Amino acid sequence: MRFSGWRVLKEGLTGNKGWTPHWRDPEPQPEYDVVIIGGGGHGLATGYYLAKEHGFTNIAVLEKGYLGGGNVGRNTTIVRANYYLPGNSEFYSHSLKQWEGLEEELNYNVMMSQRGQIMVYHNDGQRDAMVRRGNSIINQGDDAELLSRDALREMVPILNYDNARFPILGGLLQRRAGTARHDAVAWGFARGADQRGVDLIQNCEVTGIDIENGKVKGVQTSRGVIRAKKVALAAAGRSGQAAAMAGMRLPIESHVLQAFVSEGIKPVLDHVVSFAEGHLYVSQSDKGGLVFGSYLDFYSSYAARGNLPMVEHTMETMQAMIPALGKAKLLRSWGGIMDMTPDGSPIIDHSGIEGLYLNCGWCYGGFKAIPGSGNAYAHLIATDRPHGAATKFRLDRFRDGHGLMDEEATGAQHNLH
Amino acid sequence: MRITCPNCGERDRREFYVKGAALARPDVGAGLDEWHDHLHLRDNPASETKELWYHEMGCGAWIEVCRNTVSHEVVSTRLASGAELGGKR
Ligand SMILES: Cc1cc2nc3c(=O)[nH]c(=O)nc-3n(C[C@H](O)[C@H](O)[C@H](O)COP(=O)(O)OP(=O)(O)OC[C@H]3O[C@@H](n4cnc5c(N)ncnc54)[C@H](O)[C@@H]3O)c2cc1C
Ligand SMILES: [Zn+2]
């Protein structure tokens with residue numbers, strides 16, 4: 001089934017009776033060429049690209065809950081390519097290009113909205129850092145524009161430019177950045193993978209990874225044993241536990257990150273805006289709700305909910321930066337489990353165990369990475385060589401200290417990102 | 001989340017800075033792999049685990065907190081000073 005304007009019209013006139021389910025609900029087969037653990041954005045995209053670009057026909061994605069029930073459906077949906085360090089820079093550039101063609105690629109409306117993202121600065125030091133970052137983004141081949149205070153004010157009048165402690169002096173704009181509809185991305189990749197024969201198996205928790213003589217043989221699951229030539233982790237916040245089934249310990253701590261949505265109000269904010277001070281990012285959804293978030297709660301957690309101090313901090317920062325929104329009521333808040341690495345950057349690499357691959361450490365930034373990561377991870381699994389855009393996402397960088405990607409320059413240490 | 005400081009009693013989480021897993025430090029002369037293990041690799045358990053918290057806005061003590069990472073329940077606390085740190089890695 002393909003979507004088109006005609007189809008929507010026809011279905012609308014005939015009672016919408018012709019739509020069929022977007023994917024099958026297959027029984028697990030006894031054996032696959034590749035088994036992917038985790039049916040989030042990364043796992044589904046990986047299945048899709050393995051089938052599409054590498055000709056695999058015998059793949060399963062195993063999901064312990066339902067497709068899109070993890071972080072892929074819990075994030076604040078910001079998509080951008082304005083990272084600074086080599087490694088991240090070329091990867092997110094690659095991923096943003098994938099995003100730009102994604103709706104045609106998947107024949108699915110992922111509501112990609114390149115509304116522009118602005119990183120606001122509050123002092124001269126931050127301005128210098130933005131100039132430097134902007135130059136590096138332009139060098140990587142993407143767009144960046146430094147906005148003066150006046151130019152920014154004209155573009156986004158609602159911000160508080162005269163906060164006594166954190167006045168807004170300007171911002172760095174990336175016009176091609178924006179937001180996408182998070183669960184549509186999961187559904188689009190799921191449908192695309194399913195159409196190419198990938199078995200998407202829900203309610204199927206992987207409980208063990210079988211390894212014999214240093215080689216992967218398959219997985220134990222809540223729906224029985226499944227043999228596999230290759231096993232690929234894409235378990236996001238649960239990566240540590242998935243790797244533990246293979247006897248591995250990862251450079252990862254799981255932390256909770258919260259997100260917030262206000263009641264719907266008239267359009268007041270056309271862009272995604274993020275503030276350096278107090279750390280806040282906010283955009284307005286198509287329904288009119290303000291979608292925003294701040295820091296991690298900063299303690300290890302597997303609970304998909306956080307604590308009140310970070311709620312308070314986020315509201316305070318919001319009130320300080322956009323006081324006009326102070327009267328909007330908070331509608332919902334929730335949390336998701338982040339797979340935090342010591343340097344805050346991800347890992348797409350071979351595990352060291354034959355046939356076992358790692359995709360983890362996406363921290364709080366893995367939504368924008370989904371198409372790029374699926375693409376690069378599929379390349380690694382199929383060819384045993386890293387994709388050109390992801391050569392620096394190595395597992396051994398922590399041991400060797402070479403090639404760390406510490407965007408925040410706080411040190412490659414747990415609890416600092 | 002409230003944490004009981006052995007010196008000050010039960011206090012709001014805001015008074016504390018959290019460091020992460022409570023680990024015994026390797027010897028200064030330990031090799032690369034041991035330091036890598038200590039600094040980076042984690043068990044990252046979804047269960048009770050021992051962590052180091054610092055009573056920053058209180059008495060300034062480092063505290064070993066046994067906390068459940070699934071429920072956020074604080075199970076027990078003791079002063080880290082002089083104690084053998086025995087957290088999961
Ligand atoms: C509040 C919040 C805001 C965020 N904001 C942004 C943002 O604005 N921009 C951005 O780029 N990123 C953002 N992120 C980060 C982003 O959401 C994640 O990095 C990304 O979604 C993780 O990859 P995923 O989609 O594959 O994860 P998930 O959707 O979590 O997928 C992992 C899946 O693995 C499954 N699984 C785990 N263990 C097993 C097992 N043993 N067996 C079977 N299945 C298993 C889980 O059930 C889950 O469905 C945010 C995250 C949160 C929580
Ligand atoms: Zn105290």
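Residues numbered from 1 in each chain as written. Chains lettered and ligands numbered in written order. Predicted model: local features only at pLDDT ≥ 70, side-chain atom pairs only at ≥ 80, totals over all residues. Heavy atoms only, no water.

Q: Is there a simple way to think about the overall build of chain B in this case?
A: A count of helices and strands for chain B gives one helix and six strands. Overall, chain B shows an N-to-C arrangement of helices and strands of β-β-β-α-β-β-β. In terms of overall dimensions, chain B is globule-like: its C-alpha atoms have a radius of gyration of 14 Å, near the 12 Å expected for 89 residues. Taking the principal axes of the C-alpha coordinates as reference, chain B spans close to 40 × 25 × 20 Å. Within chain B, buried positions represent 40% of all 89 residues. Intrachain contacts of chain B at a sequence separation of at least 6 include 48% that bridge at least 24 residues. Carbon and sulfur atoms make up 48% of the accessible area of chain B, which totals about 4700 Å². Side chains of chain B give 12 positive and 14 negative charges; the mean places of these two sets differ by 4 Å. (Helix = DSSP H or I, 4+ residues; strand = E, 2+ residues; numbered from the N terminus. Rg over C-alpha atoms; globule rule 2.2 N^0.38 Å. Buried < 20%, exposed > 50% of the residue type's maximum accessible area, 1.4 Å probe, protein only. Contact = heavy atoms within 4.5 Å. Areas by Shrake-Rupley, 256 points an atom, 1.4 Å probe, with all protein chains shown as cover. Lys, Arg positive; Asp, Glu negative; His and termini not counted. Charge placed at Lys NZ, Arg CZ, Asp CG, Glu CD.)

Q: So what exactly am I meant to see when it comes to the interface of chain A and chain B here?
A: Accessible area lost during the coming together of the parts is what is often quoted as the interface size. Contact with chain A, which involves 28 residues of that partner, is made by 29 residues of chain B. Carbon and sulfur atoms supply 44% of the area buried between chain A and chain B, which totals about 2400 Å² over both sides. Summed over the three residues of chain A that lose the most area to chain B, namely A:Arg249, A:Tyr302 and A:Arg399, the buried surface amounts to 31% of that side. Linking chain A to chain B there are five salt bridges. Put simply, B:Asp43 and A:Arg249 hold a salt bridge, and the shortest N to O gap is 2.8 Å. For the side of chain A that touches chain B, the secondary structure elements donating two or more residues are helix H8 (239-244), strand S12 (253-262), strand S15 (290-300), helix H9 (308-321) and helix H11 (397-400) of chain A. In terms of residue count, the dominant contributor to the side of chain A that touches chain B is S15(A) (four residues). Its residues placed into classes, the side of chain A that touches chain B shows twelve nonpolar, nine polar and seven charged. (Buried area = accessible area lost by both parts, 1.4 Å probe. Salt bridge = Lys/Arg side-chain N within 4 Å of Asp/Glu carboxyl O. Nonpolar A, V, L, I, M, F, W, Y, C, P; charged D, E, K, R; others polar.)

Q: Looking at this model, I keep getting lost on the sheet that holds strand S6 (residues 170-174) of chain A. Mind explaining?
A: In any sheet, the strands associate via hydrogen bonds between backbone groups, in a parallel or an antiparallel arrangement. All names here are of chain A. Pairing within the open sheet is mixed, and its eight strands lie in the order S5-S6-S4-S13-S14-S15-S12-S16. Either end of the sheet is taken by a strand with one partner, and the two such strands are strand S5 (145-148) and strand S16 (330-340). Each neighbouring strand pair of the sheet contributes to a mean axis angle of 25°, computed without reference to strand direction. Note: strand S4 (residues 117-121) against strand S13 (residues 272-275), four bridges, orientation parallel. Its bridge partner being in S13, Ile 118 is matched across the sheet by Val 273. Helix H5 (residues 124-139) rests against S4, S5 and S6 of the sheet, and its axis sits at about 150° to S4. Together, S12, S13, strand S14 (280-284), S15 and S16 form the strand contacts of H9, whose direction differs from that of S15 by roughly 140°. (Pairing = 2+ DSSP bridges. Axes fitted to C-alpha atoms, helices over the stretch in contact; angles between N-to-C directions.)

Q: Would you mind going over the packing of aromatic side chains with me for this structure?
A: Aromatic ring pairs are defined here through the distance separating the ring centres and the angle between the ring planes. Residue and element names in this part refer to chain A. In total, this model carries 16 aromatic pairs over all chains according to the counting rule given. Between Trp 362 and Phe 393 the ring centres are 6.1 Å apart and the planes differ by 85°, which places this aromatic pair in the edge-to-face class. Here Trp 362, found in the loop between strand S18 (356-360) and helix H10 (370-383), pairs with Phe 393, found in the loop between H10 and H11; they are 31 residues apart in sequence, far enough to count as distant. Each of the two residues, Trp 362 as well as Phe 393, counts as buried. (Phe/Tyr/Trp six-rings, centres within 6.5 Å; stacked < 30°, edge-to-face > 60°.)

Q: Please explain the sheet that holds strand S4 (residues 48-54) of chain B as it appears in this structure.
A: All names here are of chain B. Here we have four strands laid out as an open sheet, ordered S3-S4-S5-S6, and antiparallel in their pairing. Of all strands in the sheet, those bounded by a partner on one side alone are strand S3 (17-21) and strand S6 (74-79). If you compare each strand with its neighbour and ignore which way they point, the axes differ by 30° on average.

Q: I would appreciate a short explanation of the coordination of the zinc ion (ligand 2) in the present structure.
A: The reference angle at a metal is 109.5 degrees if four donors form a tetrahedron and 90 or 180 degrees if six donors form an octahedron. Residue and element names in this part refer to chain B. Within the protein, the zinc ion (ligand 2) binds to Cys 5 (SG), Cys 8 (SG), His 55 (ND1) and Cys 59 (SG); these donor distances fall in the range 2.0 to 2.3 Å. Each of the four donor atoms around the zinc ion (ligand 2) contributes to a set of angles spanning 104 to 122°, which defines the coordination as tetrahedral. Counting residues between consecutive donors of the zinc ion (ligand 2) along the chain gives the motif C-x2-C-x46-H-x3-C. For Cys 8, a relative accessible area of 27% puts it in the partly exposed group. (Donors = N, O, S within 2.8 Å, 3.2 Å for Na, K, Ca; no water. Tetrahedral: all angles 85-135°; square planar, octahedral: opposite > 155°, others 65-115°.)

Q: Is there a simple way to think about the pattern of salt bridges in this case?
A: Close approach of charged atoms lets side chains of opposite charge pair. The tally for this structure, following the rule as stated, stands at 30 salt bridges over all chains. Note that A:Arg176 is salt-bridged to A:Asp143, the shortest N-O span being 3.5 Å. Of this pair, A:Arg176 sits in the loop between S6 and strand S7 (178-179) while A:Asp143 sits in the loop between H5 and S5, and the two are 33 residues apart along the sequence. Between B:Arg78 and B:Glu64 there is a salt bridge; the shortest N-O distance is 2.8 Å. Of this pair, B:Arg78 sits in strand S6 while B:Glu64 sits in strand S5 (residues 62-68); the two residues are 14 residues apart in sequence, bridging distant segments of the chain. Note on B:Glu64: relative accessible area 3%, which makes it buried. Several salt bridges converge on common partners, so that one network encompasses A:Glu100, A:Asp142, A:Asp143 and A:Arg176.

Q: Help me understand the UniProt feature "domain: Rhodanese" (unreviewed entry) in chain A, please; the structure alone is not making it clear to me.
A: Residues annotated by UniProt as "domain: Rhodanese" (unreviewed entry) correspond here to residues 34-78 of chain A. The span residues 34-78 of chain A is 31% helical and 20% strand by assignment, and the distance between its end C-alpha atoms comes to 30 Å. (UniProt positions renumbered as here; feature names shortened; annotations may be inferred.)

Q: I tried to follow unusual backbone geometry on my own but got confused; where do I start?
A: Comment: phi is negative for the bulk of residues other than glycine, and the bulk of peptide bonds are trans. All names here are of chain A. Phi is positive for Thr 77, which is not a glycine, with a value near 65°. Among the structural elements, Thr 77 can be located in the loop between strand S2 (59-62) and strand S3 (78-79). Thr 77 sits in the buried class, given a relative accessible area of 13%. Unlike most non-glycine residues, Asn 213 shows phi in positive territory, near 50°. Within the element layout of this structure, Asn 213 appears in the loop between strand S9 (206-212) and strand S10 (215-221).

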